[in-house]
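# Descriptive analysis of the structure
Okay, here's what each chain looks like letter by letter:
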Protein chains: 2
Amino acid sequence: MVETKSTAGLRGIIAGSTAICVVGAGGDNLRYRGYDVEDLAEHAIFEEVAHLLLYGHLPTRTELDAYQKRLRSMRGLPQSLKDVLERIPADTHPMDVLRTGVSMLGTLEPEQDRSHQDETADRVLAAMPSILGYWYRFTKSGERVDTATPDKTIAGQVLRLLTGREPSDERRRFLEASLIVYAEHEFNASTFTARVIAGTLSDLHSCITGAIGALRGPLHGGANEAAMELIEKFHSPEQAVAGVKQMLAHKEKVMGFGHAVYKRRDPRNAILKRWSEKLSKGAADAHLFPVSEAIETFMWEEKKLFPNADFYCASAYHFAGIETPMFTPLFACARASGWCSHVKEQRADNKLIRPGAEYVGPEPRPFVTIENR
Amino acid sequence: MVETKSTAGLRGIIAGSTAICVVGAGGDNLRYRGYDVEDLAEHAIFEEVAHLLLYGHLPTRTELDAYQKRLRSMRGLPQSLKDVLERIPADTHPMDVLRTGVSMLGTLEPEQDRSHQDETADRVLAAMPSILGYWYRFTKSGERVDTATPDKTIAGQVLRLLTGREPSDERRRFLEASLIVYAEHEFNASTFTARVIAGTLSDLHSCITGAIGALRGPLHGGANEAAMELIEKFHSPEQAVAGVKQMLAHKEKVMGFGHAVYKRRDPRNAILKRWSEKLSKGAADAHLFPVSEAIETFMWEEKKLFPNADFYCASAYHFAGIETPMFTPLFACARASGWCSHVKEQRADNKLIRPGAEYVGPEPRPFVTIENR
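Just so it is clear, the model here is predicted, and its values are computed rather than measured.

This paragraph deals with the overall build of chain A. The number of helices and strands found in chain A is 16 helices and five strands. The C-alpha radius of gyration of chain A comes to 22 Å, within 12% of the 21 Å expected for a compact globule of 373 residues. Seen through its principal axes, chain A has C-alpha atoms that stretch 70 × 55 × 50 Å. Within chain A, the proportion of its 373 residues that are buried is 63%. Summarising the internal contacts of chain A: among those between residues at least 6 apart in sequence, 75% fall at separations of at least 24.

Take a look at the structure:
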């Protein structure tokens, strides 16, 4: 007998099964196909993890070389897509740029049928940083940048496109780690969106377009940008503690703390905190790291809340020279690997996702013609 | 205690409450805010029904006049959006055109905040037929059509754009009925997609873009096109019966029959069947109506399956001069009224929609460096 009482937000409802990822086992774990995310972020590059998610195993050296080569060959954008990007205003939310760019790509290079899904997924993965970077540089400086950069990895390419500079090894290595921790997170709202769309047997571009739209929301992907806006307000740890104290007194939400699934700590946070500290050395606004630490300590003492992945990722991206509005789009470029993996999994054993609703509206009533209203 | 066993497709799970629509009460009813869809399709115009769905009540004459005037004033498209549409290839799935067009509109005219949601919804409703019609006419004949047609209603406008002719009263009246029966259907996959995206507090354009992508799938909106492809194969009722008999023998799915929710009949079907019969009179391929009837009779005798809304809508659209690839996009233009209503409802009492998953993947395993794989 199936439970039919209303379950707002589907919290605690199992909507399907997955072999891709397990979140929060033991209160503080995140594993991609059995591998701990902390090991992956320490030792792997993003393409290795994308390969693991999409194809089920960590690639051998030969497989990884071939995969990177294939992805690199897919970095260019068709002229019609560039024409579209050039027409998107400079003050547009960059997630809307990604959403429109991927949707347009789907009209120019449609997924022919499911036998092409791997190729389509790789192309989407390779094109998203290019879409973002092309629009960013064009609207910022009128430059029509060549998105097929010489960088070996997506991390290197996207850093070059978003900073306009040769990426340092340290920054590139941090980007790998950030893309890896953001790559996958089970049935979160954007991934679930992709699976609901996939359930109608729609094309991959529709699934990814929908997922980008879901990740855009402030209750989902927007948290890292909100965390940045918070810490940027303070010039010293003392000021930060006083400021956050006041926020709590006014019952304001402090962004970047606590998590719906993790109960003891967010396993992604330790990785990103180390990177934030490392990248802060010598930075013009290095004080943002001790500011962040002071907020962390205070939030734990006052509310027993721990920082989630978004909190230290914010300052780390900032120290790496990335502008705040690009934080969520970078999250999207990473999560695209998880989204595509879930679409493949949904399709492999598909059932249309169609829940029911509790009706709370008016009783049946007779139609009244417009003259008699 | 919440049920946690896996429920593929969320069938039977109540994902939330709604006051907009009740489907299948008593096995064969569809009511929009308490009003029977058969009455609405008989007596109302689409704008009256959109007003009912979006604003909760049937408009008075004054309200309807103002609403139609507002929607008419929103039919034009910005030049940048036209530039985008002109770059979408002629052989593109028209649902991809709508998806890209609405996403682009969101970059040019973003929803500022929730206080503007009614204005944004009205604009999306008014722009979708224009997006479809502009692209269709441009790619078909190179014409840069003025989408701000003189027609009083959306039904008239879209008929004119898609046929290139002054719409007859009969065809226009049928279009109203078809848009009304397609306007809303509770937590179907595309509407549920819109609600999942709305749950992250994302913008309306993201919700509608995702919903279009879900409706595109052959298990959802694509059924009316598949029904058309079926009936077009036959030149007589006898041939149709023989052909469908053979399909059943080969265990092929006959599109347009049966329904997941309705058990006795699809209440939308009677309306659309009457229109199909009426419009077939004098049509060059009038035989498609008796062909459809023969299939209906045979499917009931053999399988006890009744036709759903998509079955007779297909031939009726065809008799009205609309090309088959435009059937699902017309469904989308209608359902946009339901989607926007559900986004408003979700936002009014929001909770992030985030179900769980049953993990069926590999056990925890140690990371292996690439040299040792």
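Another aspect to go through is the nonpolar core. Ranked by size, the top nonpolar core spans 223 residues in total, and within it Tyr32, Met128 and Ile295 of chain A together with Tyr32, Met128 and Ile295 of chain B carry the most contacts. Setting aside residues no more than four positions away along its own chain, Tyr32 of chain B makes contact with Ile20, Cys21, Val37, Leu40, Val49, Leu52, Leu53, Ile180, Val181, Tyr182, Ala183 and Glu184 of chain B. In terms of nonpolar packing, the next biggest core, distinct from the first, is built from 16 residues, Val196 and Ala357 of chain A together with Phe187 and Ile353 of chain B among them.

Another point: the sheet that holds strand β3 (residues 30-32) of chain B. Residues and elements named next belong to chain B. Pairing within the open sheet is antiparallel, and its three strands lie in the order β2-β3-β4. The open sheet has two edge strands with one neighbour each: β2 (21-23) and β4 (35-36). Bridging between β2 and β3 involves three bridges; their strand directions are antiparallel. The partner of Cys21 across the bridge, within β3, is Tyr32.

Another aspect to go through is the packing of helix α14 (residues 288-303) of chain B against helix α15 (residues 309-319) of chain B. All names here are of chain B. As a packed pair, α14 and α15 sit with axes 10 Å apart at the nearest point and diverge in direction by 175°. The angle between α14 and α15 falls in the class roughly antiparallel. Counted together, Leu288, Phe289, Ser292, Glu293, Ile295 and Glu296 of α14 and Phe311, Tyr312, Ser315, His318 and Phe319 of α15 form the full contact between these two elements. The class makeup of the residues in the contact of α14 with α15 is six nonpolar, three polar and two charged.

Glancing now at the relation of the copies chain B and chain A. After a rotation of 180° and a shift along the axis of 0.0 Å, chain B superposes on chain A with an RMSD of 0.0 Å. With respect to symmetry, the two chain copies, as superposed, fit the operation of a two-fold axis. Among all residues of chain B, the one whose C-alpha sits closest to the rotation axis is Gly210 of chain B, at a distance of 2.0 Å. Interface residue correspondence from chain B to chain A reaches 100%, placing this contact among same-surface, isologous pairings.

With respect to burial, strand β1 (residues 14-18) of chain A is a largely interior element, four of its five residues being buried. By the bridge criterion, three bridges tie β1 of chain A to strand β5 (residues 356-359) of chain B in an arrangement that is parallel. Its bridge partner being in β5 of chain B, Ile14 of chain A is matched across the sheet by Gly356 of chain B.

Another aspect to go through is the sheet that holds strand β2 (residues 21-23) of chain A. Residue and element names in this part refer to chain A. Sheet architecture is open: three strands sit in the order β2-β3-β4, paired in antiparallel fashion. With partners counted over all chains shown, the strands left at the sheet margins are β2 and β4 (35-36), one partner each. Here strand β3 (residues 30-32) pairs with β4 via two bridges, running antiparallel. Bridged to Tyr32 within β4 is Tyr35.

The next subject is the interface of chain B and chain A. Between chain B and chain A, the contact holds 99 residues from the first and 99 residues from the second. Summed over both partners, the interface of chain B with chain A buries about 8,800 Å², with 60% contributed by carbon and sulfur atoms. At the junction of chain B with chain A, the criterion picks out 10 salt bridges. At the boundary of chain B with chain A, the tally comes to 46 residue pairs in polar contact (both at pLDDT 80 or more). Residue composition of the side of chain B that touches chain A, by class: 43 nonpolar, 34 polar and 22 charged.

Residue and element names in this part refer to chain B. Taking 1.5 Å of rise per residue, the 13 residues of helix α12 (residues 237-249) would be expected to cover 18 Å, and the 18 Å separating its terminal C-alpha atoms lies within 8% of that figure. Along α12, the residues that are buried comprise Ala240, Gly243, Val244, Met247 and Leu248. All buried residues of α12 lie within an arc of 140° about the axis, which places them on one face of the element. Facing away from the buried side of α12, by more than 90 degrees, are the exposed residues Glu238, Lys245, Gln246 and Ala249. Lys251 occupies a position one or two residues after α12 and carries a positive phi of about 55°.

This part covers the packing of aromatic side chains. In total, this model carries 20 aromatic pairs over all chains according to the counting rule given. Relative to Phe192 of chain B, the ring of Phe192 of chain A lies with its centre 5.9 Å away and its plane at 80°, an arrangement referred to as edge-to-face. Highlighted residues: Phe192 of chain A in helix α9 (residues 189-198) and Phe192 of chain B in helix α9 (residues 189-198), drawn from two different chains. In this pair, the class of Phe192 of chain A matches that of Phe192 of chain B, namely buried. Residues Phe289 of chain A and Tyr312 of chain A carry aromatic rings whose centres are separated by 5.9 Å and whose planes lie at 40° to one another, so their mutual orientation is tilted. Of this pair, Phe289 of chain A sits in helix α14 (residues 288-303) while Tyr312 of chain A is found in helix α15 (residues 309-319), placing the two residues 23 residues apart along the sequence.

With that out of the way, let us pick up the environment of Tyr67 of chain B. All names here are of chain B. Structurally, Tyr67 is set in helix α3 (residues 61-73). Accessibility expressed as a relative area gives 1% for Tyr67, which makes it buried. Separated by 129 residues in sequence, Tyr67 and Val196 place their C-alpha atoms 28 Å apart. Contact partners of Tyr67, with chain neighbours within four places excluded, come to Glu47, Ala50, His51, Leu54, Tyr55, Asp122 and Leu125.

To continue, consider the confidence of the model for chain A. Residue and element names in this part refer to chain A. Across chain A, pLDDT averages 95, with 98% of residues at or above 70. Scored below 50 in pLDDT, residues 1-5 shows 13 contacts in the model against residues more than four places distant or in partner chains. As a predicted assembly, this complex carries a pTM of 0.97 together with an ipTM value of 0.96.

A word on the environment of Val241 of chain B. Residue and element names in this part refer to chain B. Structurally, Val241 can be placed in helix α12. Each C-alpha atom of the pair Val241 and Val291 lies 8.3 Å from the other, and the pair is 50 residues apart in sequence. Residues in contact with Val241, not counting those within four places in the same chain, are Ala294 and Phe298.

As a further point, take the pattern of salt bridges. Residue and element names in this part refer to chain A. Inspection of every chain in the model, using the stated rule, returns 52 salt bridges over all chains. One salt bridge in this structure joins Glu42 and Arg274, with 3.5 Å as the shortest N-O distance. Remark: Arg274 occurs in helix α13 (residues 267-280) and Glu42 occurs in helix α1 (residues 37-43); sequence separation between them is 232 residues. Given the relative accessible area of 48%, Glu42 is considered partly exposed. A salt bridge links Arg195 to Glu345; the shortest N-O distance between them is 2.8 Å. Of this pair, Arg195 sits in helix α9 while Glu345 is found in helix α16 (residues 327-348), placing the two residues 150 residues apart along the sequence. Summarising the burial analysis for this pair, Arg195 and Glu345 share the class buried. One salt-bridge network, held together by shared partners, links Asp28, Glu38, Arg264 and Arg265.

Next up on the list: unusual backbone geometry. Notably, Glu186 of chain A is not glycine yet its phi reads approximately 55°, a positive angle. Within the fold, Glu186 of chain A resides in the loop between α8 (169-182) and α9. A relative accessible area of 9% places Glu186 of chain A in the buried class. Residues other than glycine seldom take positive phi values, yet Lys304 of chain B does so here, at roughly 55°. Turning to its location among the elements, Lys304 of chain B is positioned in the loop between α14 and α15.

The rules behind each value
Residues numbered from 1 in each chain as written. Chains lettered and ligands numbered in written order. Predicted model: local features only at pLDDT ≥ 70, side-chain atom pairs only at ≥ 80, totals over all residues. Heavy atoms only, no water. Helix = DSSP H or I, 4+ residues; strand = E, 2+ residues; numbered from the N terminus. Rg over C-alpha atoms; globule rule 2.2 N^0.38 Å. Buried < 20%, exposed > 50% of the residue type's maximum accessible area, 1.4 Å probe, protein only. Contact = heavy atoms within 4.5 Å. Core = buried A, V, L, I, M, F, W, Y, C linked by side-chain atoms within 4.5 Å. Pairing = 2+ DSSP bridges. Axes fitted to C-alpha atoms, helices over the stretch in contact; angles between N-to-C directions. Parallel < 35°, antiparallel > 145°, perpendicular 65-115°, else oblique. Nonpolar A, V, L, I, M, F, W, Y, C, P; charged D, E, K, R; others polar. Least-squares fit on C-alpha atoms with pLDDT ≥ 70 in both. Buried area = accessible area lost by both parts, 1.4 Å probe. Salt bridge = Lys/Arg side-chain N within 4 Å of Asp/Glu carboxyl O. Polar contact = N/O pair within 3.5 Å; in protein donor to acceptor, adjacent residues only side chain to side chain. Expected span 1.5 Å × (residues − 1). Arc of directions from axis to C-beta. Phe/Tyr/Trp six-rings, centres within 6.5 Å; stacked < 30°, edge-to-face > 60°. pLDDT = per-residue confidence, 0-100.

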